[in-house]
Amino acid sequence: MRTLTKDLVYAVRTLRRSPGFAITAIVTIALGIGAATAIFSVVNAILLRPLPYADPSRLVLVWGDMRNRGVTDFPFPPADYADLKRQGTLFEDFAAVNTFRAPLNDGDGEPEQIRVAGATTNLFAVLGMKVAAGRDFIDSDGTPQGPPPGDGAVGNAPPPPPLPQSVILSHEFWQQRFGGDRSVIGKFIDIANQPSLVVGVLEPGGELLFPPGAGLERFPDAWTAMRVDFVNGSRINVFLRVIGRLKPGVTIPQAQAQVDGIATELRATFPIKQTSGLYIRVEPMHRDLVADVRPSILALMGAVTFVLLIACANVANLLLVRVSRRERELAVRSALGGSRGRLVGQMLTESFVISGAGALLGILLAWAGMRVLIALAPATLPRTDTVALDPLVLGFSIVAAIAAAALFGVVPALRAARPDLMQVLRTSGRTSGLGAGAMLRNGVVTAEVALAFILLVGCGLMLRSFIAIQKANPGFDASGLLTFVAQNQTLRTPEERDAFMQQLRERLGAIPGVQAVTAAQPLPLDGIVRNLRWGTEKAVTDPSAFQQADLHVVLPGYFSTMRTPLIAGRDFDAGDNRPDVNRVIIDRIAAAKAFPGQSAIGKRLFIRARTAEPEWYEIIGVVEHQRTITPAADSREAMFFTDGYFFHGAASRWALRTSGDPSAIAPAARAAIARMDPLIPFAEVQPMQAFIDRAMAPTRFAFALITVFAVIAGLLAAVGLYGVLSTAVRQRTAEIGVRMVFGAPKASIFQLVIGQGLRLTAAGVVLGVLGAFGVTRAMTSMLVGIEPTDPATFASIAVLFVLVAAVACWLPARRAAGLDPSAALREE
C-alpha cells in the first residue's frame, strides 16, 4: 500500500510539472469515456434494464401473422383470443388490451381528449401491476354488452348508450386532473359519452409497453374493463393486442409449439384463416419491444467504442512521446537500481491517474450528453425516460476507465522499462529518445486513421439516407397544414352528425387565412393503421386471392386539401358521402396490384371494410400513394371511403390548409369549436409537418449521434497525426539542417514532412476501407435508398480524410521548412 501511495504521489507530481500534456491527455480520454457512458446509459435503459413488471422474463407478446398476405403483428379477434385462453395450457394466463383516444367530461373541469386503454379484467394481474387506491377490476366488470370501445371495425353507427363501465385511473392523471382527491373513487365520469364508474387508481408509473408498430398508448390516462363476449365473439373483427405469462419453467420454443397447434386447428376449422395463412407467433416481451431499435442502438454503441479506442490510441501516442523524452531519466533510475517492475508500476500508475481524472470529467460530460440524447430521442425509442446515471452506468464508466488505462498505458510502460542504458547515457541531446519507438507511434496513428475513417463512412451513409428521406415524396404537402382532433360523440342520429360535420367545416373554413378544410381517420404518418381485406373477381371464388390494405375514412375534398395528386377519375363529392353508396378511391399501388397495365376507373373491387362479409365497390378515382409509416418508403396500398359511408363523424382528425403559419390559426379554430359546443375537446393540435418530423426522428437521431462521434474521431485522428509529425520534425531537426545546408529547397523539406503524413494517412484509409466494408453492413436497417458499401460515399470520405490529414500535416511541415539551418545543426 505504501508503494502504491508513493507511486500515486509521484504520478500526480510528475503530471503537474507537465500541465499541457496532462490536460490534453485527460480531456482526450474524457471525451471517449463520456461519449461511451452516455450511449451505454441508453443501452442500459432500453436493452438491459428489466421491464417494470413482475417477473418480466415470463411475459410474452402473442401476434397473428397472415403469411399468405404478407401481414405480420396482426391483432386478434375476440373468439381467437378465447381459444388461446382455453387451449394455452403452458401459459399461466393471457390478457388483452386496446387503446384509443376519447373525450372526458367529469362535470367540473373543461372537457379534454384523454388516452384510454380497454383491457380484459385480468390485465394488471398478468402484468403484475398494482392498484394504489380503490380496487382492481373484478370479473363482473367485464360482463359482455356489445362492441367494445375502440373496436377496429369503424363501419357501424355508434351503438345505443351502454351500461356504466368500470374505470381505473392512472396515478399521474388522477393527480393532474383530480388533484389526488380520493373521493373521486366511486364517482361517475363521462368517457366517450359513456358513464364510467371510477373504481380505483393505478400505482405510480404504470405503463403499457408494446412495440411502436402496435400503435398502443404507452401511458393511458384511464383503463376501462372490456365488456366483450369473447367466447361467442367475432372471428374476423380484430382489435385485441395479447399478452401472455408463461408458466414457470416453460420455454419459448415449447410455448410456440403449443400455439402452432392452436393455429393449425383454427386454419382447419375456418376457411378464411386457411386462405389468409394464419399463424400465431410468441415473442419474449422485452426482446420484441426493442427488436426494431436494437440494431441502431448497437451500431451507436459500436461507433462510440471506436471513439474510445481512438482516444486511447491518441493518449498512448502522447505517452510514447513522453516516454521517449524521459528515457534519460528512466535510464538513470534503472542504473541506480530501479527494477523493471517498479518502472512499469510507476508508468502504469500515471496512466491510471490520467484515466481516473478523465473518467470523472467524462461522467460530467456524459450527464450533459444524456440530457441531449433524451431531447433528441425519437418517440419510437422505448423507455428513454428511464435513462439515468444509475450504479450500473457508473460501474461501466469505472470499467471503461480501467480498460482505457490498460489500453493506452501498458505499451508505453513496457517501452519505458526497457531503456538501452549505454546508448541513452552516452547521449545528452533533448531529442535523443524520440527516434526510438517511431514505428510503434506510426502504427498507432495508422490505426486511429482507420477507425476514424470507418466512423466517417458511417456518417456519410447516414447523411445520404437523411437527404434521401427529405427528398422523398410523401404523397401530400405538409406545409401550411394544421391538424387537430374534434369529435362530438353525444349525437346519436346520422342526420345530427351530418349536420354537425357540415356546420363545423363551414365555421372552420370561415376563419381568416384558412383556404380549405377536411377531415380523415387516420391522416398519413398518423401512427394509426386500420385494415381491410380486398380482392378482384378472382377472390369471389378463391378466398386466397384476398389481400390486405390500409383503410382511410375521409371527407369529400380531402385530396385537394392535402394536395395529393389525383391520377385518374375524380374525387369524392357530396353525393358519395352517404351510407348507401359503395364507392372507393384507391391509391397508385392498389391500382397497379389490382389491374396492372389497365385503367382502374369504373372497375369493381370485392372489399370487406364496413360489413362482416365483403361487398362490391366501384372505383371512382386513383390517387398518388400517401406514405403512412415512414416518409422514406412506400407502405401498403391504401383505399379511401367517405365519412358518411361509415358513419358521419368517423373522420375525427381535421386538417386546415392555411395561407401562413398554421399554428397561428389554432386559437381561432378552438374558438370556432367552442362556439358550437364548449364540451367538444380540441386535442392533439399540431402542424402536419410534425408528423413528418416524428417519422424522420429515428434517422435524424442516429445521424446526429454518428456525426458527432465521427467528428470527434476525425479530430482526434488529425491531432494524433499532427503529434506524430511534430515529433518526427523534432527528431529529424539536425538532419533537416544538413539537407538545407547542402542546398535542399524549403519546398522539398515541406514535401518530405507532408509525404510522411500522407503515407500514414493512406495506410490508415486502406485499412479503414477494408474494415468499413464489413462494419457498415450492420447499418443496413438504418439506411434509406443507399447500400452500406456505396462506392461514392467511400470515395468522397477518403478524399475528405486526405484533406483533413493534409491540414494536420501542414503545421509540422511549415515548421520544418522554416527552420534556420545553423540553429538546426546545433541540435544534438
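Below you will find a few notes about this structure. (Residues numbered from 1 in each chain as written. Predicted model: local features only at pLDDT ≥ 70, side-chain atom pairs only at ≥ 80, totals over all residues. Heavy atoms only, no water.)

**Things to note about the overall build of the protein chain**
Reasoning step 1: Within the protein chain, the regular secondary structure consists of 25 helices and 22 strands.
Reasoning step 2: Burial statistics for the protein chain: of 828 residues in total, 54% are counted as buried.
Reasoning step 3: Long-range pairs, those at least 24 residues apart, make up 82% of the contacts in the protein chain between residues at least 6 apart in sequence.
Reasoning step 4: Within the structure as shown, the protein chain displays about 34000 Å² of accessible surface, and the carbon and sulfur contribution to it stands at 61%. (Helix = DSSP H or I, 4+ residues; strand = E, 2+ residues; numbered from the N terminus. Buried < 20%, exposed > 50% of the residue type's maximum accessible area, 1.4 Å probe, protein only. Contact = heavy atoms within 4.5 Å. Areas by Shrake-Rupley, 256 points an atom, 1.4 Å probe, with all protein chains shown as cover.)

**Comments concerning the pattern of salt bridges**
Reasoning step 1: Under the counting rule described, the total for this entry stands at 34 salt bridges.
Reasoning step 2: For Arg657, the salt bridge goes to Asp477, with nearest N and O atoms at 3.9 Å. Residue Arg657 is found in strand S21 (residues 653-658), and its partner Asp477 is found in the loop between helix H14 (438-471) and strand S12 (481-485); the two are separated by 180 residues along the sequence.
Reasoning step 3: Two residues, Glu637 and Lys593, come together in a salt bridge whose shortest N-O distance is 2.8 Å. Taken together, the residues span a long stretch of sequence, with Glu637 in the loop between strand S19 (615-623) and strand S20 (638-642) and Lys593 in helix H18 (residues 588-594) at a distance of 44 residues.
Reasoning step 4: Of the residues examined, Lys593 reaches a relative accessible area of 43% and is grouped as partly exposed. (Salt bridge = Lys/Arg side-chain N within 4 Å of Asp/Glu carboxyl O.)

**Thoughts on the nonpolar core**
Reasoning step 1: In this structure, Ile243 and Phe408 are the most contacted members of the largest nonpolar core, which totals 135 residues.
Reasoning step 2: Ignoring sequence-local partners within four residues, the contact set of Ile243 consists of Leu59, Val60, Leu61, Asp93, Phe94, Ala95, Leu123, Val126, Leu127, Leu208, Phe210 and Met285.
Reasoning step 3: With 47 residues, the next largest nonpolar core counts Met501, Leu605, Tyr617 and Ala666 among its residues. (Core = buried A, V, L, I, M, F, W, Y, C linked by side-chain atoms within 4.5 Å.)

**Concerning unusual backbone geometry**
Reasoning step 1: The omega angle of the peptide bond from Gln521 to Pro522 is 0 degrees, so this bond is cis rather than trans.
Reasoning step 2: Position of Pro522 among the secondary structure elements: in the loop between strand S13 (514-521) and strand S14 (531-535).
Reasoning step 3: Phi angles above zero are rare outside glycine, and Asp73 is one such case at about 55 degrees.
Reasoning step 4: Here Asp73 shows up in strand S2 (residues 71-74).
Reasoning step 5: Within the chain, Glu684 stands out as a residue other than glycine whose phi angle is a positive 50 degrees.
Reasoning step 6: Relative to the helices and strands, Glu684 is located in strand S22 (residues 683-687).

**Focus on the pairing of S19**
Looking along a regular strand, one sees the side chains alternate between the two faces of the sheet.
Reasoning step 1: The pairing of strand S16 (residues 566-569) with S19 spans three bridges and is classified as antiparallel. Its bridge partner lying in S19, Leu566 is registered against Val623.
Reasoning step 2: By the bridge criterion, five bridges tie strand S17 (residues 583-587) to S19 in an arrangement that is parallel. Paired with Asp587 across the strands is Val623, a residue of S19.
Reasoning step 3: In this sheet, S19 lies alongside strand S18 (residues 604-608) in antiparallel orientation, the contact comprising four bridges. For Ile607, the partnering residue across the bridge sits in S19 and is Glu615.
Reasoning step 4: Turn length for the S18-S19 hairpin, with the two strands adjacent in sequence and antiparallel, is six residues. (Pairing = 2+ DSSP bridges.)

**Quick word on the side chain of Asp288**
Reasoning step 1: Within the secondary structure, Asp288 is located in helix H8 (residues 285-289).
Reasoning step 2: Buried Asp288, no salt bridge; nearest opposite-charge side chain is Arg281, N-O distance 4.8 Å.
Reasoning step 3: Contact partners of Asp288, with chain neighbours within four places excluded, come to Leu61, Trp63, Pro211 and Glu283. (Lys, Arg positive; Asp, Glu negative; His and termini not counted.)

Without other data, these values stay purely geometric and don't point to any function.
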